[in-house]
Amino acid sequence: MSDCIFCKIIAKEIPGTIVYEDEYVVAFEDVNPQLPVHTLIVPREHYDHIGDDISPELLGKLFATVPLIAKMKGVDQTGYRVVVNTGEDGRQTVHHLHIHVLGGALMPIRMGPAD
Ligand code: AMP
Ligand code: ZN
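Residues numbered from 1 in each chain as written. Chains lettered and ligands numbered in written order. Predicted model: local features only at pLDDT ≥ 70, side-chain atom pairs only at ≥ 80, totals over all residues. Heavy atoms only, no water.

S.K.: Any details on the coordination of the zinc ion (ligand 2)? Residues and values, ideally.
M.R.: Protein-derived ligands of the zinc ion (ligand 2) are Cys4 (SG), Cys7 (SG), His46 (ND1) and His96 (ND1), with the metal-ligand distances lying across 2.0 to 2.3 Å. Geometry at the zinc ion (ligand 2) is tetrahedral, judged from the 4 donor atoms that bind it and their angles of 104 to 116° at the metal. Mapped onto the sequence, the residues coordinating the zinc ion (ligand 2) show the spacing C-x2-C-x38-H-x49-H. Taken as a pair, Cys7 in helix α1 (residues 5-10) and His96 in the loop between β4 (80-83) and β5 (99-103) lie far apart in primary sequence, 89 residues in all. (Donors = N, O, S within 2.8 Å, 3.2 Å for Na, K, Ca; no water. Tetrahedral: all angles 85-135°; square planar, octahedral: opposite > 155°, others 65-115°. Helix = DSSP H or I, 4+ residues; strand = E, 2+ residues; numbered from the N terminus.)

Written out as structure tokens, the structure is:
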């Protein structure tokens with residue numbers, strides 16, 4: 001996708017702090033971290049969101065990367081949160097499927113009534 005910022009990071013057309021990549025998956029640091037550890041895991045191929053006809057195999061590869069990143073970032077023992085914002089109500093802002101891995105401090109409790 002030519003106008004997708006994450007496709008551009010994957011293609012190394014714009015800078016990104018890539019911490020892991022393989023044939024299917026790329027992981028890079030979130031530019032606006034919400035916690036000390038905030039890494040995004042994305043499929044190399046563009047999918048808009050988790051419901052965008054992505055194969056179970058690729059979903060498996062994406063989620064199998066979560067514990068790898070958690071270990072790499074040193075939060076595998078302390079715990080972390082995995083988030084996949086989806087669509088408008090999910091407040092997805094970048095429309096290339098991504099998994100947030102958040103940790104390194106106690107998660108602020110922010111779930112509650114919509115604002
Ligand atoms: P979401 O709201 O789930 O769509 O999250 C999108 C995330 O992408 C946000 O946490 C942003 O801070 C992050 N983000 C946006 N642009 C970039 C970028 N160029 N490099 C890294 N992360 C980005
Ligand atoms: Zn994309």
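The discussion continues.
S.K.: Quick one: what's the story with the site of ligand 1, residue by residue and with numbers?
M.R.: Around ligand 1, 17 residues are found, and the nearest of them are Asp30, Asn85, Thr93, His98 and His100. Between ligand 1 and Thr93 there is a distance of 2.6 Å, counted from an oxygen atom to a backbone nitrogen or oxygen. In the model, an oxygen atom of ligand 1 is placed 2.9 Å from a nitrogen or oxygen of the Val94 main chain. Notes on ligand 1: free accessible area 510 Å², of which the protein chains cover 83%. Counting residues per element, the ones that place at least two in the shell around ligand 1 are α1, β2 (25-29) and β3 (37-43). (Near = heavy atom within 4 Å. Polar contact = N/O pair within 3.5 Å; in protein donor to acceptor, adjacent residues only side chain to side chain. Areas by Shrake-Rupley, 256 points an atom, 1.4 Å probe, with all protein chains shown as cover.)

S.K.: Account for unusual backbone geometry, naming residues and giving values.
M.R.: Both trends apply: most residues other than glycine have a negative phi, and most peptide bonds are in trans. Of note in this structure, Lys12 is not a glycine but carries a positive phi near 60°. Classification of Lys12 as exposed rests on a relative accessible area of 53%. (Buried < 20%, exposed > 50% of the residue type's maximum accessible area, 1.4 Å probe, protein only.)

S.K.: Any chance you could break down the environment of Gly87 for me, citing the residues and the numbers?
M.R.: Assignment of secondary structure puts Gly87 in the loop between β4 and β5. Separated by 20 residues in the primary sequence, Gly87 and Pro67 have C-alpha atoms spaced 25 Å apart.

S.K.: So what's going on with a nonpolar patch on the surface? Which residues, and what values?
M.R.: On the surface, a cluster of nonpolar side chains totalling about 300 Å² of accessible area is made up of Ile50, Phe63, Tyr80 and Val82. Note that Ile50 resides in the loop between β3 and α2 (56-72). (Patch = residues over 30% accessible without salt bridge, like charges linked within 9 Å, V, L, I, M, F, W, Y side chains within 5 Å. Salt bridge = Lys/Arg side-chain N within 4 Å of Asp/Glu carboxyl O.)

S.K.: Before we move on, could you go through α2 and cite the residues and values that matter?
M.R.: For α2, built from 17 residues, the straight-helix expectation of 24 Å at 1.5 Å per residue is met to within 8% by its first-to-last C-alpha distance of 25 Å. Downstream of α2 by one or two residues, Gly74 has phi in the positive range, about 80°. (Expected span 1.5 Å × (residues − 1).)

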